Amino acid sequence: MGHFGDGGTETKEMDIRSLSSSHHQHLPYIHKVGVPPKQNLVKEFTSTVKETFFADDPLRPFKDQPKSRQFILGVQAIFPILEWGRSYNLAKFKGDLIAGLTIASLCIPQDIGYSKLANLDPQYGLYSSFVPPLIYAFMGSSRDIAIGPVAVVSLLLGTLLQNEIDPTKNAVDYWRLAFTATFFAGITQATLGILRLGFLIDFLSHAAIVGFMGGAAITIALQQLKGFLGIKSFTKKADIISVMRSVFGSIHHGWNWQTIVIGSSFLAFLLVAKYIGKKNKKLFWVPAIAPLISVMLSTFFVYITHADKKGVQIVKHIEKGINPSSVGQIYFTGDYLLKGIRIGVVAGMIALTEAAAIGRTFAAMKDYQLDGNKEMMALGAMNVVGSMTSCYVATGSFSRSAVNYMAGCQTAVSNIVMSVVVFLTLMFLTPLFEYTPNAILSAIIISAVIGLIDYDAAILIWKIDKFDFVACMGAFFGVVFASVEIGLLIAVTISFAKILLQVTRPRTATLGRIPRTNVYRNIQQYPEANKVPGLLIVRIDSAIYFSNSNYIRERILRWLTDEEEQLKAAGHPQIQFLIVEMSPVTDIDTSGIHALEELHGSLQKRQVQLILANPGRVVLDKLHASNFANLIGQDKIFLTVADAVHTCSPKLAEEV
């Protein structure tokens, strides 16, 4: 804590007199705090709106351009491919071709498995890696993101849809609700982009996302035990207790040893391949093609051994041909419309959060700008079109995007290459997957979702912020022990709770003078900082709003009470000036002004003068508009804490 120094009262009086004499002889120049010029209301409102919704100044390229050029720029803004496509060459295509073929080999087996997470037939996963990537390639601004179904969104969608309709008893209505949810997921994403509300997805904190993703990965892996162990009768609940009860309840009559051998063998193969790729970045293609090799080998093995006759469950029929139209199957009226909207908004936001995180990661690695609002519109458009072509919610896949990046992709053409391969698969190769064992799809999904459990991030969160760690663990345990929806609700609730806590209970600090300087800092951070006799200097580290104004007033008075009690006990002079450092106060509202007026009244009763140091333009403007500046006196507002101390200290010395 700060200190006053040693010595008796007589010595202190001599020091203060000499300080007073010194100050009168060498009083430093104190700059007057200027009254901000009146702002034009329309200009101020326009400036606020622009900073809130158009901080990136998207219309800058259109300035001083002829109408024809503006039209071209407008079309290029909607379809970025028309801009970068002009400089596209054979060298770039070579990189995109290799990357596209590599991610196609990864996506085909993953899509078949992920469709099962959504309780949909295998072809719907392939459909979702055909049309959406094509739309994104024309409208997206990321060069590296690979589009398609992902594990977390598939599980979330499957869980929410299953709560409304049983996929086995009423498959047609289930598909229709899936397409409806996908349509409104796309509408949600596109609307956020058009209205430039992308900042809303930032309300789900990084810690909550880490916990949610980790919990979802555990849940997905547990769900795969049905196919991995060959269990036919399995719980429809997703929580770990129900799943484990179902698994061990089937141990004597439900497990199939042939299925377990196939699943275990290829899971080991996939994990070894992943380890090789992680250890040697040049061998990135090994884990990328390992799933397809696993599918080919296991399918061939089942076919020649007739293992399907011995209880090994297989994929069976996959519909051949490209996506059929599903426009007529989307619910635009009826009871399922609102359910489709609700599910679509939730799935769309989660898909958007994942895609935004992936896009930013790779854009930073390659040092290029990613337009978040364009990304939202691109993702929204591809899901709207996808819903009309028998697709379910697609987004950026981290595993595929990482492979895409390491394979040397140059542009979004790699997504087009992947789509072409999926198209050829749908047209000609789907019969080859008929004997693919479900166990291999489970093994592929388990190996893929293991990467979603980010231990290092959780440990780092614990080291940095314990409250963030609570949010992380809350989301994690919510997903694992309850359900995906509960985990998501906990993640959102804790994220908002943290925001509310920071807004309603801002940090405050008492300041002291760093020795041999005119710098005043937090005495808890700098124990060597000295308090100034007769002065209490307090800093408010937040804007002052209706939500925190009473707390700030009460906290300052509590600082003052505690300080006066310590001074009285030590026999030191009482506080006569309270200096409030307002540099961090970015804004103040009427409740904040009222709280300052009440603080001023309370201080007058204690014969303590209120001093303000360095209020910003916005704050100072409101202090003058409310007449608070005249209430405390214009001479009680200073440019810096040092100016305030220099002015108040001589007065104290004279009085002593």
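Residues numbered from 1 in each chain as written. Predicted model: local features only at pLDDT ≥ 70, side-chain atom pairs only at ≥ 80, totals over all residues. Heavy atoms only, no water.

Our focus in this paragraph is the packing of helix H5 (residues 90-117) against helix H14 (residues 285-305). A pair of packed helices is characterised by two quantities: the angle between their axes and the separation of those axes. Where H5 contacts H14, the two axes come as close as 8 Å, and the packing angle between them is 45°. When the interaxial angle is binned, H5 and H14 end up oblique. Where H5 crosses over H14, the two elements pack in a sense that is left-handed. Between H5 and H14, the residues in contact are Thr102, Ser105, Leu106 and Pro109 and Pro287, Ala288, Ile289, Pro291, Leu292 and Val295, respectively. For the contact of H5 with H14, the residue count by class is eight nonpolar, two polar and no charged. (Axes fitted to C-alpha atoms, helices over the stretch in contact; angles between N-to-C directions. Helix = DSSP H or I, 4+ residues; strand = E, 2+ residues; numbered from the N terminus. Parallel < 35°, antiparallel > 145°, perpendicular 65-115°, else oblique. Left-handed = near helix turned anticlockwise from the far one by under 90°. Contact = heavy atoms within 4.5 Å. Nonpolar A, V, L, I, M, F, W, Y, C, P; charged D, E, K, R; others polar.)

With that settled, the discussion passes to the packing of aromatic side chains. This structure, assessed with the given rule, holds 14 aromatic pairs. Ring plane angle 80° and centroid distance 5.2 Å describe the contact between Phe476 and Phe477, whose orientation is recorded as edge-to-face. Residue classification places Phe477 among the partly exposed positions, given a relative accessible area of 41%. By way of ring pairs, the aromatic residues Tyr124, Tyr127, Trp175 and Phe179 are connected into one cluster. Over the ring of Trp462 we find Lys466, and its NZ or CZ is 4.7 Å from the ring centre. Sitting over the face of the ring of Trp559, Arg555 holds its NZ or CZ atom 4.0 Å from the ring centroid. (Phe/Tyr/Trp six-rings, centres within 6.5 Å; stacked < 30°, edge-to-face > 60°. Buried < 20%, exposed > 50% of the residue type's maximum accessible area, 1.4 Å probe, protein only. Lys NZ or Arg CZ within 6 Å of the ring centre and 35° of its normal.)

Turning our attention to a nonpolar patch on the surface. On the surface, Phe199, Leu200, Phe203, Val492 and Phe496 cluster together into a nonpolar patch covering about 380 Å² of accessible area. For Phe203, the position within the fold is in the loop between helix H9 (171-194) and helix H10 (206-223). With relative accessibility at 31%, the residue Phe203 sits in the partly exposed group. (Patch = residues over 30% accessible without salt bridge, like charges linked within 9 Å, V, L, I, M, F, W, Y side chains within 5 Å. Areas by Shrake-Rupley, 256 points an atom, 1.4 Å probe, with all protein chains shown as cover. Salt bridge = Lys/Arg side-chain N within 4 Å of Asp/Glu carboxyl O.)

Okay, the environment of Leu41 next. Note on placement: Leu41 falls in helix H2 (residues 41-53). Here the alpha-carbon distance between Leu41 and Asp202, two residues 161 residues apart in the chain, equals 30 Å.

The two faces of the sheet receive side chains in turn, since in a regular strand these alternate between them. In terms of burial, strand S3 (residues 508-513) is largely enclosed, as five of its six residues are buried. Relative to strand S5 (residues 535-540), S3 runs antiparallel, the two being bridged by three bridges. Directly across from Ala509, in S5, lies its bridge partner Arg539. Relative to strand S4 (residues 520-522), S3 runs antiparallel, the two being bridged by three bridges. From the neighbouring strand, Arg513 faces S4, where its bridge partner is Tyr520. (Pairing = 2+ DSSP bridges.)

Many descriptions give the size of an interface as the accessible area lost when the pieces come together. Domains assigned within the chain are domain 1 (26-39 + 505-655) and domain 2 (88-500). A C-alpha centroid distance of 55 Å is found between domain 1 and domain 2. (Domains from an automatic or database assignment.)

Scanning the model with the defined rule gives 15 salt bridges in all. Ionic pairing is found between Arg342 and Glu164, a salt bridge with its closest N-O pair at 2.6 Å. Separated by 178 residues along the polypeptide, Arg342 in helix H15 (residues 336-366) and Glu164 in the loop between helix H8 (151-162) and H9 bring together distant segments of the chain. Under the relative-accessibility criterion, Glu164 is labelled partly exposed at 25%. For Lys622, the salt bridge goes to Asp587, with nearest N and O atoms at 2.8 Å. Of the two residues, Lys622 sits in helix H25 (residues 617-625) while Asp587 sits in the loop between strand S6 (577-581) and helix H24 (590-605), which places them 35 residues apart along the sequence. A network of salt bridges, in which partner residues are shared, links Glu164, Lys339 and Arg342.

Turning to a positive patch on the surface, a few remarks are in order. A contiguous patch of positive charge, built from Lys274, Lys278, Lys279 and Lys281, is present on the exposed surface. Relative to the assigned elements, Lys279 resides in helix H13 (residues 257-279). (Lys, Arg positive; Asp, Glu negative; His and termini not counted. Charge placed at Lys NZ, Arg CZ, Asp CG, Glu CD.)

Attention now moves to the pairing of S6. The buried fraction of S6 amounts to five of the five residues, a majority that puts the element mostly inside the structure. The alternating pattern of S6 places Phe577, Ile579 and Glu581 on one face and Leu578 and Val580 on the opposite face, and all of these are buried. A crossover connection joins S5 to the parallel S6 through helix H23 (residues 549-570); in handedness this β-α-β unit is right-handed. Of the strand pairs in this sheet, S6 and strand S7 (residues 609-613) are connected by five bridges, and their pairing is parallel. Across the sheet, residue Val580 finds its bridge partner in S7, namely Leu612. Taking the sense of rotation as the criterion, the β-α-β connection linking S6, H24 and S7 turns out right-handed. (Right-handed = clockwise from strand over helix to strand, strands pointing away.)

The subject of this paragraph is H23. Across its 22 residues, H23 extends 32 Å between first and last C-alpha, which sits within 8% of the 32 Å expected from 1.5 Å per residue. All of the buried residues along H23 are Ser549, Ile552, Arg553, Arg555, Ile556, Leu557, Trp559, Leu560, Glu563, Glu564 and Leu567. The first or second residue beyond H23 is Gly571, which carries a positive phi of 80°. (Expected span 1.5 Å × (residues − 1).)

Before going further, it helps to examine the sheet that holds S4. Strand order in the open sheet made by the six strands is S4-S3-S5-S6-S7-S8, with mixed pairing throughout. Looking at which strands have only one partner, the edges of the open sheet turn out to be S4 and strand S8 (637-638). Sitting on the sheet, H23 is in contact with S3, S5 and S6, with an inclination near 150° to S5.

Within the secondary structure, Ser401 sits in helix H17 (residues 398-406). In this view, Ser401 contacts Asp144, Ile145, Ala146, Ile358 and Phe362; residues no more than four positions away in its chain are not counted.

Sites flagged by UniProt as "domain: STAS" (unreviewed entry) map to residues 525-648. For residues 525-648, the helix share is 48%, the strand share is 15%, and the end-to-end C-alpha distance is 25 Å. (UniProt positions renumbered as here; feature names shortened; annotations may be inferred.)

Relative to each other, H9 and helix H16 (residues 372-387) sit at 160°, their axes nearing to 7 Å. Between H9 and H16, the angle is such that the two are roughly antiparallel. The element H9 and its partner H16 pack so that their crossing is left-handed. Within the contact between the two elements, H9 uses Phe179, Thr182, Phe183, Gly186, Ile187, Gln189, Ala190, Leu192, Gly193 and Ile194 and H16 uses Asn373, Met376, Met377, Leu379, Gly380, Asn383, Val384 and Ser387. Here the contact of H9 with H16 is composed, by residue class, of ten nonpolar, eight polar and no charged.

Glancing now at the nonpolar core. Membership of the largest hydrophobic core comes to 93 residues, with the highest contact counts inside it found for Leu157, Phe212, Ile220, Ile350 and Val422. Those residues in contact with Leu157, other than ones at most four positions away along the chain, are Ala181, Ile343, Ala347, Tyr392 and Val393. Counting 31 residues, the second largest nonpolar core, distinct from the first, contains Ile556, Ile588, Leu610 and Ala629. (Core = buried A, V, L, I, M, F, W, Y, C linked by side-chain atoms within 4.5 Å.)

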